[in-house]
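# Examining the three-dimensional arrangement
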Amino acid sequence: MKIIKTKFDGLFIIENPVFNDNRGSFIKTYNQYIYRELGIDLEIRERYYSISNKNVIRGMHFQTPPYDHIKLVNVINGRICDVALDLRKNSSTYGKYFDIDIDSKEGITLYIPTGFAHGFVALEDKTIIEYNQSTEYSPHNDKGIKFDSFGFNWKIENPTISERDQSFVSFDNFKSPF
C-alpha cells in the first residue's frame, strides 16, 4: 500500500496492491495494521455499496457533527469520477474540490476525512462503489450540497440524479458546521 497526499489536508489517495493472474485479479483494500503504520487510525462502523448506471451522479453527501465521518471509497466494478468538496471553514482549501477518475482495475482507495461532501458520477453501466465509514448513518445529520452549485464540471449531459440530491442547498447558501 502506498499513500499519496493531495493538496487537501487529510485527503489521501491510497494505492492498494493489485495481484493479477490467469484467474483474474485480487486487491486488498484495507489492512488495519498497515493503515496504522501509515498514520491512519480508523475504525470502520458501517459499510455500504451502490450500483449505478452510466451518467448517474450521487452526491454531494455528508453528515454533520457529531455523526460526521471518515469515508473510504473503493470502486469494485466500473469507473467513476469521484469528487470531494472541502466544507471545513478554517481550511485553506474551503470551498474547493478534489476530483479523480478511478477505474476498478487500479486498486485505488480514496480516503476522505470529516468535513468533506462526497459524490461521484458513474462513467460506465453497473459501476459498483463501496463506502466504508467511521460512524453510523444518522438521518437527522444526513445532509448535502447541490451537485451543480460549487463550480465542478461533471462533463456529462443529462445526468441521472435523485430528487433528494437535486433538493440539496446550493454551496452559496450553505453554513458549514465544520
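Going by the structure above, here's the rest.
Let me sum up the structure you'll find in this document. For every chain, the first residue of the written sequence is number 1, and numbering continues from 1 onward in sequence order. The model is predicted, so local features are restricted to residues of pLDDT at least 70 and side-chain atom pairs to those at 80 or more, both for listing and for counting; the totals for chains, interfaces and linings are taken over all residues. Hydrogen atoms and water are omitted, and side-chain values are computed over all heavy atoms in the structure.

The next thing to look at is the overall build of the protein. Looking only at helices and strands, the protein has two helices and 13 strands in total. Only the C-alpha atoms count toward the radius of gyration. The rule for a globule is 2.2 Å times the residue count to the power 0.38. Over its C-alpha trace the protein gives a radius of gyration of 16 Å, about what one expects of a compact globule, namely 16 Å for 178 residues. Under the scheme applied here, a residue whose accessible area is under 20% of the maximum for its type counts as buried, over 50% as exposed, and between as partly exposed, the area being computed with a 1.4 Å probe on protein chains only. Counting the 178 residues in the protein, one finds 48% classified as buried. Any two residues whose heavy atoms approach within 4.5 Å at even a single point are treated as in contact. For the protein, contacts bridging at least 24 residues in sequence account for 80% of all contacts bridging at least 6. Element-wise, carbon and sulfur atoms account for 46% of the exposed surface of the protein, whose accessible area totals about 9,700 Å². The charge count includes Lys and Arg as positive and Asp and Glu as negative, but it does not include His or the ends of the chains. Note on charges: their place is set at NZ of Lys, CZ of Arg, CG of Asp or CD of Glu. Across the protein, the 22 positively charged side chains and the 24 negatively charged ones have centroids separated by 1 Å. A run of H or I in DSSP counts as a helix once it spans at least four residues, and a run of E counts as a strand once it spans at least two, with each numbered from the N terminus. Accessible surface is estimated by sampling points in the Shrake-Rupley manner with a 1.4 Å probe; for residues, cover comes only from the protein chains shown.

Whether a set of points on the 1 Å grid over the protein atoms alone is a cavity depends on a 1.4 Å probe fitting there but being unable to get out, while an open set qualifies as a pocket with protein on both sides within 12 Å along at least five of seven lines; lining residues are those with an atom within 4 Å of a point. Grid points are joined across faces, edges and corners, and a volume is the space filled by probe spheres set on the points. Applying the stated criterion to the full structure yields one cavity of 30 Å³ or more. Approximately 70 Å³ is the volume attributed to the largest cavity. His-61, Phe-62, Gln-63, Asp-68, His-69, Lys-71, Ile-112, Pro-113, Thr-114, Gly-115, Phe-116 and His-118 are the residues that line the largest cavity. Elements with a minimum of two residues in the lining of the largest cavity: β6 (57–63) and β11 (116–122).

This next bit is on a negative patch on the surface. Distance thresholds for patches are 9 Å for like charges and 5 Å for nonpolar side chains (Val, Leu, Ile, Met, Phe, Trp, Tyr), applied to residues having over 30% relative accessible area and no salt bridge. What counts as a salt bridge is simple: a side-chain nitrogen of Lys or Arg found within 4 Å of a carboxyl oxygen of Asp or Glu. The grouping of Glu-15, Asp-99, Asp-101 and Glu-106 at the surface amounts to a negative patch. Within the element layout of this structure, Glu-106 appears in the loop between β9 (97–103) and β10 (108–112).

Moving on to the pairing of β11. On a regular strand, one side chain projects to one face of the sheet and the next to the other, so that they alternate. Extensive coverage of β11 is indicated by the burial of seven of its seven residues. The criterion for strand pairing is that DSSP finds at least two bridges linking the strands in question. Of the strand pairs in this sheet, β6 and β11 are connected by three bridges, and their pairing is antiparallel. From the neighbouring strand, Arg-58 faces β11, where its bridge partner is Phe-120. The sheet contact formed by strand β8 (residues 79–86) and β11 spans seven bridges and is antiparallel. Across the sheet, Asp-86 pairs through a bridge with Phe-116, a residue of β11.

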